[in-house]
Amino acid sequence: MSQAEPGVEAILAYHEATKHSVVSVRSSGHMLDFTNMPRPWKLYDAALPEVPLPLELARTGVSVGDALPAAGAPAVNASELSLSRLASVLQLSAGITKRLRVGNGYMYFRAAACTGALYHIELYVVSGPLPGLPAGVYQYGAHDNTLRLVREGDFRAVAMRAAGLADAPAAVVVYTSTFWRNAWKYQSRTYRHAFWDCGTVLAHSLAAARANGLNARLVTRYADAVINDLTDIDGETEASVALLAVGEGADAPPIDAPPRMDIPVVQLSRSPIDYPAIREAHAATVLDGPVPVRPAPSPNEEPDQAGENLIPLGNGDALSTSLEDVVLQRGSSRRFAREPIAFPALAAMLDAAGRPTGPDGVDAGEPFNELYVFANAVEGLAEGVYRYLPARRALEQVRASETRALTAHLALDQPLGGDAAADLYFVADMPAVVDRWGARGYRTAHLDASIRAGRVYLAAYALGLGATGLTFYDDEVVHAAGAGPGSAVTFLVAVGVPWRKRSTAG
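Residues numbered from 1 in each chain as written. Predicted model: local features only at pLDDT ≥ 70, side-chain atom pairs only at ≥ 80, totals over all residues. Heavy atoms only, no water.

**Points about helix α14 (residues 430–437)**
Consideration 1: All of the buried residues along α14 are M430, V433, V434, R436 and W437. On an axial view of α14, the arc spanned by its buried residues comes to 165 degrees, and they lie on one face.
Consideration 2: Residues of α14 that are buried sit in contact with α1 (8–17), β15 (422–429), α15 (440–462) and β17 (487–498). (Buried < 20%, exposed > 50% of the residue type's maximum accessible area, 1.4 Å probe, protein only. Helix = DSSP H or I, 4+ residues; strand = E, 2+ residues; numbered from the N terminus. Arc of directions from axis to C-beta. Contact = heavy atoms within 4.5 Å.)

So, in structure tokens, the structure goes:
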């Protein structure tokens, strides 16, 4: 597959145009217009039938460690999809977990991390009949924990054809991005954020499904227009970005794909701004159907390394806190204490990141991204840069050097990057990705990285540590990590000791 293929050239050009550098950041004159700030959730300007979800979150008691999937492992205590279990998946993915009083109102925080706390990921459910829930297409209203009926009837067969699914799931969850809600702050770079933020939500969805005994299959290659029409979104201002087939269902009755209905929606803000680069990037990646990927190349064996360069991770700390407790308590860290974390804690977070994402039924172990650890303060690990080798459960030293100043600089000169105990950078060999996966692979690589980063968040909070996503100077990170030509940074999550939990000794 040539990189000159239509779409590939355009998406790589988008990536190049939206890279951060010291010059681009300092020359940006972008100012936040709070009089034009988008509302934080979708509201329909029409009366739709509603199904309120249980106010009390169901408690599975499954630990974070058990909720994160292992290669080929089935769900925990296999169960059928019910309204209660569906509610758990939705609430732990995108529900409101806490609120903060700001002036005369409140700022609401959701279950999963999101850039700028702008929460532009919406969830829809294409469901077969469940006890207490008639078959239909529903939008999940996070603001009131309610499902709203967009279409009446069992449309799973439409979603299955669009996604290339042979076996009927009990439901298909559709993840969308409302671009303007994020572009208000991040402008054209928002198209990257669509997959960053969808991925952290998906990390929660996959864990919640597993904890509730539900098998879940991630689909990234599907017929975009069919799914957009099914959920009644326009595919431009709001577009689907991923699907998750949940549970096992009865056979789905055959049905034709329906047209869009254009149900009226309350405008997000007084004057939404269009960013052509987002539309062009999205147009470059859309598919007419579940196009298969090229065959996988022969696997590259991780090269033998001298003993002094490989550092075994050993057994990581147990992630024994329940998934529900971790999600309800989770919140991105705003300040780190410059204190070390234990080596077994880092090992546990790397293990969480290394578990499979398995998009589109490909080999669950296929790596879209390599993970580089910039270690500032990890007990028993020299300060420096390392590459994580998941198959060997080891770190390969790239170089030993002081990293505090470097990590603060790479993270857009934000102190958090340098104050963290470690900065975990996900980096994709983007030429290889698009050669096999086409332009759509750009999206999948970012989703893969952000799902893995979302699992790092969960592991960090299960261990009583903090985590936060940061942005970065693209090319400088690639250089510092020693990654290959054309490599693209797909996510950064910084981990460390939260300032509020810092040691007061001495």
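Next, the rest of the story.
**Observations regarding the state of the cysteines**
Consideration 1: In total, this model carries zero disulfides according to the counting rule given.
Consideration 2: Just so you know, C114 is unpaired, no disulfide at all, and the nearest cysteine sulfur is the one on C198, 11 Å from it. (Disulfide = S-S within 2.5 Å.)

**Observations concerning the packing of aromatic side chains**
Consideration 1: According to the stated counting rule, one finds eleven aromatic pairs in the structure shown.
Consideration 2: For the pair W196 and F491, a centre-to-centre distance of 5.8 Å together with 65 degrees between the ring planes defines the contact as edge-to-face. Of this pair, W196 sits in helix α7 (residues 190–211) while F491 is found in strand β17, placing the two residues 295 residues apart along the sequence.
Consideration 3: We classify F491 as buried; its relative accessible area is 7%.
Consideration 4: In this structure an aromatic cluster arises from ring pairing among Y14, F179, Y191, F195 and Y442.
Consideration 5: In this structure, R335 is placed above the aromatic ring of W499, and the distance from its NZ or CZ to the ring centre is 3.6 Å.
Consideration 6: Lying across the ring of Y222, R440 places its NZ or CZ 4.7 Å from the centre. (Phe/Tyr/Trp six-rings, centres within 6.5 Å; stacked < 30°, edge-to-face > 60°. Lys NZ or Arg CZ within 6 Å of the ring centre and 35° of its normal.)

**Topic: the sheet that holds strand β4 (residues 121–127)**
To summarise the sheet geometry, strands pair through backbone hydrogen bonds and adopt either a parallel or an antiparallel arrangement.
Consideration 1: A sheet is described by the order of its strands in space; here seven strands give the open sequence β1-β6-β5-β4-β7-β9-β8, paired in antiparallel fashion. Strands at the two margins of the open sheet, each flanked by one partner only, are β1 (50–52) and β8 (216–219). Averaged over all neighbouring strand pairs, the angle between strand axes comes to 30 degrees, with direction disregarded.
Consideration 2: As defined by bridge partners, β4 adjoins strand β7 (residues 171–178) across seven bridges and the pair is classed as antiparallel. Within β7, the residue paired with I121 across the bridge is S177.
Consideration 3: On top of the sheet, α7 reaches β4, β7, β8 and β9 (238–246); it is set at about 20 degrees to β9, its chief contact. (Pairing = 2+ DSSP bridges. Axes fitted to C-alpha atoms, helices over the stretch in contact; angles between N-to-C directions.)

**Looking at the pattern of salt bridges**
Consideration 1: This structure, assessed with the given rule, holds 20 salt bridges.
Consideration 2: The shortest N-O distance in the salt bridge between D274 and R279 comes to 2.9 Å.
Consideration 3: Relative accessible area serves as the criterion here: at 45%, D274 is assigned to the partly exposed category.
Consideration 4: The shortest N-O distance in the salt bridge between R387 and E396 comes to 2.8 Å.
Consideration 5: Its relative accessible area of 13% is what places E396 among the buried residues.
Consideration 6: A network of salt bridges, in which partner residues are shared, links E16, K19 and D475. (Salt bridge = Lys/Arg side-chain N within 4 Å of Asp/Glu carboxyl O.)

**With respect to empty space enclosed by the protein**
Consideration 1: Considering all chains together, one arrives at two cavities of 30 Å³ or more under this definition.
Consideration 2: Along its surface, the largest cavity is lined by S93, A94, R110, A112, A113, C114, Y119, H120, I121, L123, D197 and V201.
Consideration 3: Elements that contribute at least two residues to the lining of the largest cavity include exactly α4 (83–94), β4 and α7.
Consideration 4: Looking at the lining of the largest cavity, its residues break down into eight nonpolar, two polar and two charged.
Consideration 5: The volume enclosed by the second largest cavity comes to roughly 60 Å³.
Consideration 6: Taken together, W41, K42, A94, R110, I121, E122, L123, Q139, Y140, G141, A142 and H143 form the lining of the second largest cavity. (1 Å grid on protein atoms, 1.4 Å probe; cavity = no way out; pocket = protein on both sides within 12 Å on 5 of 7 lines; lining within 4 Å. Points joined across faces, edges and corners; volume = space filled by probe spheres on them. Nonpolar A, V, L, I, M, F, W, Y, C, P; charged D, E, K, R; others polar.)

**Details of the nonpolar core**
A general trend in soluble globular proteins is that nonpolar side chains are found buried together.
Consideration 1: L147, Y175, L323, L395 and V493 are the most contacted members of the largest nonpolar core, which has 140 residues in total.
Consideration 2: With near-sequence residues (within four places) excluded, L147 lies in contact with P49, E50, V51, L53, L86, L90, V125, L133, Y138, Q139 and Y140.
Consideration 3: Among the nonpolar cores identified, the runner-up in size contains 25 residues, and V126, V172, L243 and I263 belong to it. (Core = buried A, V, L, I, M, F, W, Y, C linked by side-chain atoms within 4.5 Å.)

**Here's the deal with the packing of α1 against α7**
Consideration 1: As a packed pair, α1 and α7 sit with axes 10 Å apart at the nearest point and diverge in direction by 100 degrees. Taken as axis vectors, α1 and α7 run roughly perpendicular relative to one another. Residues I11, Y14 and H15 of α1 pack against T190, Y191 and R192 of α7.
Consideration 2: Of the residues assigned to the contact of α1 with α7, the class counts are three nonpolar, two polar and one charged. (Parallel < 35°, antiparallel > 145°, perpendicular 65-115°, else oblique.)

**Observations regarding the environment of R404**
Consideration 1: Structurally, R404 can be placed in helix α12 (residues 404–410).
Consideration 2: Residue class for R404 comes out buried when judged on its relative accessible area of 18%.
Consideration 3: Sequence-distant contacts of R404, that is, excluding residues within four places in its chain, are made with R338, N376, A377, E383, G418, D419 and A420.
Consideration 4: A distance of 3.2 Å separates a polar atom in the side chain of R404 from the backbone oxygen of D419. (Polar contact = N/O pair within 3.5 Å; in protein donor to acceptor, adjacent residues only side chain to side chain.)

**Regarding the side chain of T220**
Consideration 1: Topologically, T220 is positioned in the loop between β8 and α8 (224–230).
Consideration 2: Judged by relative accessible area, T220 falls into the buried class, the value being 2%.
Consideration 3: A distance of 3.1 Å separates a polar atom in the side chain of T220 from a polar atom in the side chain of T444.
Consideration 4: If we skip the residues at most four places from it in the chain, T220 touches P359, D360, W437, R440, T444 and L447.

**Concerning the side chain of S450**
Consideration 1: Structurally, the position occupied by S450 is in helix α15.
Consideration 2: What makes S450 buried here is its relative accessible area of 0%.
Consideration 3: Polar side-chain contacts of S450 include one of 3.5 Å to the backbone oxygen of W196.
Consideration 4: Sequence-distant contacts of S450, that is, excluding residues within four places in its chain, are made with F195, W196, G199, T200 and F491.

**Remarks on the packing of α4 against α7**
Consideration 1: Where α4 contacts α7, the axes come no closer than 8 Å and their chain directions differ by 150 degrees. In this view, α4 runs roughly antiparallel relative to α7, as classed from their interaxial angle. Crossing handedness for the pair α4 and α7: right-handed. Contact residues: S88, V89, L92 and S93 in α4; V201, H204, S205, A208 and A209 in α7. (Left-handed = near helix turned anticlockwise from the far one by under 90°.)

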